[in-house]
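A look at the structure
Single-letter residue listing:
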Amino acid sequence: MPTDPNVSYTVLGTTSVHTHEIEIKKSRFLALLKRVDSETSARGFIAETKAQYRDARHHCSAFIIGPARETARSSDDGEPSGTAGMPMMQALSTHKVPSQRDQRLHSDLSDICAVVVRWFGGVKLGAGGLIRAYSGSVTAALETAPLKTRMRSRSLTVRLAHADAGRVEADVRAAGFAVLPTRYAADAAVLTLAVPDREFDVRAALDTVTSLTAGQYTPHLGGVDWHDIALL
């Protein structure tokens, strides 16, 4: 599994807004998660959320952007300093997918903006209660959110006879490589792998495909791009 933050990281697997709501002592906390690719898009989402839920007292936020988490911002939006935005940021920055927990890898969630909308229920929660509520809201939302791995990869394509395409694709997947949707032409099926953009991974993919096809087909290495794939 790639662990270099410049090669892969975890993202929301949908462009739709993912929501989760909890209630604590009559206060409602609605967490909204959205995938973003810039500070401008994050702030736009925060503004849209404030406009949509203008009847709420607080719209606290946190976002992390970039393969190496180059940009990170948070806001308490009127809550006592340090009781909302930073706990939300902590929940985002420490969230791990199952494989990261099992292998004790670092968390790498990024390109995400979280907004927690609070409707005050009349009972003060205190600083500790607010920290737990805002952090817990984001954590609960992440536990049910669809996540994917975003990987900087080299494309590796192989033109196959239609009769061989299914078998070769199955063998390649079994070998642990990420396979993009196969394209079918009149005379061939074009199998495309997304290979981590590192020399030893590229060489391993080339050797594996050549071996699996017994040298019958020649793999071709393409350019570098970012792809969303199933969680590694």
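Preceding this paragraph is the structure being described.
This section reports on the structure supplied with the text.

Criteria and thresholds
- Counting starts from 1 at the beginning of each chain's written sequence and moves along it residue by residue.
- Reporting in this predicted model follows two pLDDT cut-offs: at least 70 for local features of residues, and 80 or more for side-chain atom pairs to be given and counted; totals over whole chains, interfaces and linings ignore these cut-offs and use all residues.
- By convention in this description, side-chain values take in all heavy atoms of the structure and omit both hydrogens and water.
- Pairing between two strands requires that DSSP report at least two bridges joining them.
- Under the scheme used here, helices are H or I runs from DSSP no shorter than 4 residues and strands are E runs no shorter than 2 residues, and both carry numbers assigned from the N terminus.
- Between N-to-C directions, angles span 0 to 180 degrees; the directions come from axes that are lines fitted to C-alpha atoms, helices contributing only their stretch in contact.
- Take the number of residues in a helix, subtract one, and multiply by 1.5 Å to get its expected span.
- Relative accessibility decides the category of a residue: with a 1.4 Å probe and only protein chains considered, values under 20% of the type maximum give buried, values over 50% give exposed, and everything between is partly exposed.
- Arc definition: directions from the helix axis to the C-beta atoms.
- In what follows, residue pairs with any heavy atoms lying within 4.5 Å of each other are defined as contacts.

Taken in spatial order, the 5 strands make up an open sheet running β2-β3-β6-β4-β5, and their pairing is antiparallel. Of all the strands in the sheet, just β2 (18-24) and β5 (71-75) have a single pairing partner and so form its edges. When strand polarity is set aside, the average angle formed by the axes of neighbouring strands in this sheet is 15 degrees. Of the strand pairs in this sheet, β2 and strand β3 (residues 27-35) are connected by 7 bridges, and their pairing is antiparallel. Looking at the pairing, Ile22 lines up with Phe29 of β3.

Between its first and last C-alpha atoms helix α6 (residues 199-212) spans 20 Å; for 14 residues at 1.5 Å apiece the expected length is 20 Å, and the two agree. Asp201, Val202, Ala205, Leu206 and Val209 are the residues of α6 that are buried. Within α6, the buried residues cover an arc of 135 degrees as seen down the axis, which keeps them to one side. Facing away from the buried side of α6 by more than 90 degrees, the exposed set consists of Glu199, Phe200 and Ser211. On its buried face, α6 sits against β7 (147-160), β9 (189-196) and β10 (220-229). Positioned one or two residues after α6, Ala214 has a phi angle of 55 degrees, which is positive.

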